[in-house]
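Structure at a glance
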Amino acid sequence: MKNEIRNVLSGKSEVRFGKVIQAISSYLGKSKSTGEAIKGSKSFRQQETENLVSYIDKNRLWLVDIDFSQYVSEGAEQKVYLKDSQHVIKLNDAIYYTSWVDYFHNLLLHNYFFPDTAYVY
């Protein structure tokens, strides 16, 4: 199982609805530069966020149809909105993760272990 999880996180194995998440993870991993700031530091997180926004812009992945009147609930790190009768949208700031890569890896692991409630993107 350890190798299968490693393959999921590296993008060698697919998980349900994981292609976009794996692509983003891979992009963020490749955009790290030598001598960059320490993971979890403010400058690291800022650079990683800029790279993430760039990737989302380039690949047109922004959600533009969120109906904020369909607010359901929120926790410490996310706000939840109804999308339709079967789906919700979770807006997450990844406050509990040291990096965006860690957050996306968490999504991949969730999708691997709980495919019936997979995060789409």
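The present account deals with the structure reproduced in this document. Once a new chain begins, its residue numbering starts again from 1 and follows that chain's sequence as written. Local features in a predicted model are, by the rule used here, given only for residues with pLDDT of at least 70; side-chain atom pairs are given and counted only at 80 or more, and totals for whole chains, interfaces and linings are based on all residues. Processing note: side-chain calculations cover all non-hydrogen atoms of the structure and skip hydrogens and water entirely.

Section: unusual backbone geometry
Formally: Helix numbers and strand numbers start at the N terminus; a helix is a DSSP run of H or I with at least 4 residues, a strand a run of E with at least 2. The buried label goes to any residue with under 20% of its type's maximum accessible area, the exposed label to any with over 50%, and the partly exposed label to all in between, with areas taken from a 1.4 Å probe on protein chains only.
At Arg60, a residue that is not glycine, the phi angle is positive and equals roughly 50 degrees. Following the sequence through the fold, Arg60 ends up in the loop between α3 (42-58) and β1 (71-74). Residue classification places Arg60 among the exposed positions, given a relative accessible area of 75%. Of note in this structure, Ala94 is not a glycine but carries a positive phi near 55 degrees. Relative to the assigned elements, Ala94 resides in the loop between β3 (88-92) and α4 (100-113).

A closer look at the pairing of strand β2 (residues 78-82)
Formally: For two strands to be treated as a pair, DSSP must find no fewer than two bridges joining them.
The pairing of β1 with β2 spans three bridges and is classified as antiparallel. Residue pairing in the sheet places Glu74 in a bridge with Lys79 of β2. The turn linking β1 back onto β2 is made up of three residues. Pairing analysis gives five bridges linking β2 to β3, with the strands arranged antiparallel. From the neighbouring strand, Leu82 faces β3, where its bridge partner is Val88. Count of turn residues in the β2/β3 antiparallel hairpin: five residues.

Quick notes on the packing of aromatic side chains
Applicable threshold: Pairing of aromatic side chains requires ring centres within 6.5 Å, counting the rings of Phe and Tyr and the six-membered ring of Trp. Pairs whose planes differ by under 30 degrees are stacked, by over 60 edge-to-face, and all others tilted.
If you walk through the whole model with that rule in mind, you get eight aromatic pairs. Judged by centre distance (5.8 Å) and plane angle (70 degrees), the ring pair of Tyr71 and Tyr81 falls under edge-to-face. Within this pair, whereas Tyr71 is found in strand β1, its partner Tyr81 is found in strand β2, the two being separated by ten residues in sequence. Residue classification places Tyr71 among the partly exposed positions, given a relative accessible area of 39%. Relative to Phe104, the ring of Trp100 has its centre 6.3 Å away and its plane inclined at 35 degrees; by these criteria the two rings are tilted. In this pair, Trp100 and Phe104 are both assigned in helix α4, four residues apart and thus about one turn of the helix distant. Ring pairing ties together the aromatic residues Tyr97, Trp100, Tyr103 and Phe104, which thus form one cluster.

Here we look at the nonpolar core
Filter applied, for reference: Only buried residues count toward a nonpolar core. Its members are Ala, Val, Leu, Ile, Met, Phe, Trp, Tyr and Cys residues joined through side-chain atoms within 4.5 Å. We call two residues in contact whenever any of their non-hydrogen atoms come within 4.5 Å of each other.
Formed by 16 residues in total, the largest nonpolar core has its most connected members in Ile24, Leu28, Leu52, Trp100, Tyr103 and Phe104. Mapped by element, the contributors of at least two residues to this core are α2 (19-30), α3 and α4. Among the elements that make up this core, the one with the highest residue count is α4 (six residues). Beyond its immediate chain neighbours, meaning those up to four positions away, Ile24 contacts Leu52, Tyr55, Leu61 and Phe104.

With respect to the pattern of salt bridges
The test is simple: A side-chain nitrogen of Lys or Arg and a carboxyl oxygen of Asp or Glu constitute a salt bridge if their distance falls within 4 Å.
Tallied over the full model, the rule gives two salt bridges. A salt bridge links Lys83 to Asp65; its shortest N-O distance comes to 3.5 Å. One end of the pair, Lys83, is in the loop between β2 and β3; the other, Asp65, is in the loop between α3 and β1, and 18 residues separate them in sequence.

Considering the side chain of Asn111
The topology assignment puts Asn111 in helix α4. Those residues within four positions of Asn111 in sequence are excluded, and the remaining contacts are Val15, Arg16, Phe17, Ile21, Ala118 and Tyr119.

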